[in-house]
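Single-letter residue listing:
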Amino acid sequence: MSAAESWSHVMALLRQHAPADYAELPGPATEQVLVAAEERMGVSLPEDLRTWLLQNNLDLPEEDFDDDVACCGFAGFPDEGSFFLGIRAMEGLYANYSMHGGFNPPDQPDNPFWRNEWVPFLSDQDGWMGKFIDVRDGRVGRWFVGDITVTGEYESLAQYFDSVAEKLTEIAEGDYPVCQIAEGRLVWS
């Protein structure tokens, strides 16, 4: 499946099993927003990421954006501790970690926790950990500040979205012990 098809499957599951959460998802980004973000970041977004953002840009509305946290995004999905980022949050987090030399920390070129070729799309509120897509090959990795970064955790954004769909299916079937659905929402314990 493509990233668009995999994300559509995730959205269908969310709409079916957690319709209140689904109803709160923001609309798509525009091509102009993506081009402007690419120019500011100095990287071209991978096609899968671009396609996803054109379906759902998960930035919070301006009035809900919290300046006291490192990252803001759609909370409570795909899990309790992290959330999907919209393009504005991606840009902010990317700017936080990108370095002039191309990797961070600058004295560890062979084992950085961050490279400028990585665009974050999922994070915790503090911006200490999350998932990124590598602009060079589209693979999805996981970073954690101060720890070893895992590259190629998923071969593609589509494969990652397939894992989110599996998790939503387990939740809907009552087979995911730390989450249940109540009143049309995902509720994490």
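Thresholds applied
Residues numbered from 1 in each chain as written. Predicted model: local features only at pLDDT ≥ 70, side-chain atom pairs only at ≥ 80, totals over all residues. Heavy atoms only, no water. Helix = DSSP H or I, 4+ residues; strand = E, 2+ residues; numbered from the N terminus. Contact = heavy atoms within 4.5 Å. Areas by Shrake-Rupley, 256 points an atom, 1.4 Å probe, with all protein chains shown as cover. Salt bridge = Lys/Arg side-chain N within 4 Å of Asp/Glu carboxyl O. Buried < 20%, exposed > 50% of the residue type's maximum accessible area, 1.4 Å probe, protein only. Lys, Arg positive; Asp, Glu negative; His and termini not counted. Polar contact = N/O pair within 3.5 Å; in protein donor to acceptor, adjacent residues only side chain to side chain. Pairing = 2+ DSSP bridges.

Caption draft 1: Inspection of the overall build of the chain at higher detail. Secondary structure assignment for the chain yields six helices and ten strands. Summarising the internal contacts of the chain: among those between residues at least 6 apart in sequence, 53% fall at separations of at least 24. Carbon together with sulfur atoms contributes 48% to the accessible area of the chain, which is approximately 9300 Å² in total.

Caption draft 2: Structural detail: the pattern of salt bridges. This structure, assessed with the given rule, holds ten salt bridges. Linking Arg40 and Glu91 is a salt bridge whose minimum nitrogen-to-oxygen distance equals 2.6 Å. Of this pair, Arg40 sits in helix H3 (residues 31-41) while Glu91 sits in helix H5 (residues 87-97); the two residues are 51 residues apart in sequence, bridging distant segments of the chain. Residue class for Glu91 comes out buried when judged on its relative accessible area of 16%. A salt bridge links Asp134 to Arg136; the nearest nitrogen and oxygen atoms lie 2.6 Å apart. You can call Arg136 exposed: its relative accessible area is 53%.

Caption draft 3: The arrangement of unusual backbone geometry in detail. In this structure, Glu183 is a non-glycine residue whose phi angle is positive, near 55 degrees. With respect to the helices, strands and loops of the structure, Glu183 is situated in the loop between strand E9 (179-182) and strand E10 (185-188).

Caption draft 4: Just the environment of His17, in detail. Examined against the element boundaries, His17 turns out to sit in helix H1 (residues 3-17). Between the C-alpha atoms of His17 and Leu168, which are 151 residues apart in sequence, the distance is 8.4 Å. When near neighbours in sequence (up to four residues on either side) are disregarded, His17 contacts Ala172, Ile181 and Gly184.

Caption draft 5: View of the side chain of Asp124. Tracing the sequence through the fold places Asp124 in the loop between strand E5 (118-123) and strand E6 (129-134). The buried charged residue Asp124 lacks any salt bridge partner; its closest oppositely charged side chain belongs to Lys131, at an N-O distance of 12 Å. Looking at Asp124, its side chain comes within polar contact range of the main-chain nitrogen of Trp128, at 2.8 Å.

Caption draft 6: Up close: the pairing of E6. Most of E6 sits inside the fold, with five of its six residues counted as buried. Bridge count between E5 and E6: five bridges; the pairing is antiparallel. What sits directly across from Ser123, in E6, is Gly130. Turn length for the E5-E6 hairpin, with the two strands adjacent in sequence and antiparallel, is five residues, and the turn residue Gly127 shows positive phi of about 75 degrees. In this structure, the hairpin formed by E6 and strand E7 (residues 140-144) is closed by a connection of five residues, where Gly138 is found at a positive phi of approximately 80 degrees.

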